[in-house]
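Working through the structure, step by step
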Amino acid sequence: MGDSAAAGPLIWPQADWPCARAERDWPRIVAERLGVRELTDVTCSGATIQDFSHAQATLVPSGSASGSASPTAQFDALSELTDLVTVEVGGNDIGTVGVGVRCLDYVPGGADCARAFNADGDEIARRIEAFRPKYAAMLTEIHRRAPKARVVTVGYGTYLPLNGCDGQPFRPESANYLQGMIFRLDQMIADESAADRPGKPGERQAQYVDIATPSRDHNMCAAPQVQWFYGVSPKDVALTPFAGAAPLHPTALGMQGIAEVISAAIMAGTTG
């Protein structure tokens, strides 16, 4: 379950055009590594938690060349027979891509994005706190629909190093604000995952897997041969149709690396 960070838009080949889901997204790679016999991959680009309960509208219509149908509610993939659930969601709920675009140095006002988002207190912090109960309710609903399942939540990565870099169009303060937003979202996900399940004291909601730490040296500023996240410089954007990745999203190498981290955490049964 999850959004484009799990689905892999523009990573070729695509398995599902309406959801911009790659054939080699991290859920599929994790399933292979764990020897999962039956996988239901409902990750969908653009998904929010609301799309877990309702059919999602997509940019690419159903009935395309891929033959994919319109995505149904992601919760519908769960049942009493489900034994493992992975979920990466929250970025679209708090508007991370919109913030990223707003902070681009070549966008009017981009240089002052951190100041703009803090003009009346920290807007992103408010968004994350407003999202917190929805995330907690999502975990509770997963357990209700799949009572025997092990639930694994996945955080988002390190897209930018401290102060950014010359190769990506963010001022140092903008880069730090944007990545700080991701870190705060990750912390909220980790906190809610570690919380007790309702009515089951001492039993956590989910196992949380940290992606930010292992991806630190694989950010958008890293060399292409080690880069887990595709950049958003004018050159990156111009080459997007040929790059096999969407700006501000995982690359094919990133999907492999993220899958390795998640698989190892699941097998070890550890959080973090």
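To be clear, the structure that these remarks concern was listed above.
As a starting point, this report considers the structure included with it.

Parameters at a glance
Residues numbered from 1 in each chain as written. Predicted model: local features only at pLDDT ≥ 70, side-chain atom pairs only at ≥ 80, totals over all residues. Heavy atoms only, no water. Helix = DSSP H or I, 4+ residues; strand = E, 2+ residues; numbered from the N terminus. Buried < 20%, exposed > 50% of the residue type's maximum accessible area, 1.4 Å probe, protein only. Pairing = 2+ DSSP bridges. Axes fitted to C-alpha atoms, helices over the stretch in contact; angles between N-to-C directions.

**What to know about unusual backbone geometry**
The step from Trp 12 to Pro 13 runs through a cis peptide bond, and the omega angle for that step is -5 degrees. Assignment of secondary structure puts Pro 13 in the loop between helix 1 (4-7) and strand 1 (14-16). Of note, Leu 10 is a non-glycine position whose phi angle comes to about 70 degrees, a positive value. With respect to the helices and strands, the residue Leu 10 is situated in the loop between helix 1 and strand 1. Assessed through its relative accessible area of 28%, Leu 10 is described here as partly exposed. The phi dihedral of Asn 163 falls on the positive side, at around 70 degrees, and the residue is not glycine. Among the secondary structure elements, Asn 163 is positioned in the loop between strand 4 (150-154) and helix 8 (172-194).

**Comments concerning the sheet that holds strand 3 (residues 84-87)**
Sheet architecture is open: three strands sit in the order 3-4-7, paired in parallel fashion. Of all the strands in the sheet, just strand 3 and strand 7 (207-209) have a single pairing partner and so form its edges. With direction set aside, neighbouring strand axes in the sheet form an average angle of 20 degrees. Sheet topology places strand 4 next to strand 7; three bridges connect them, and they run parallel. Bridge pairing in strand 7 links Val 154 to Val 209.

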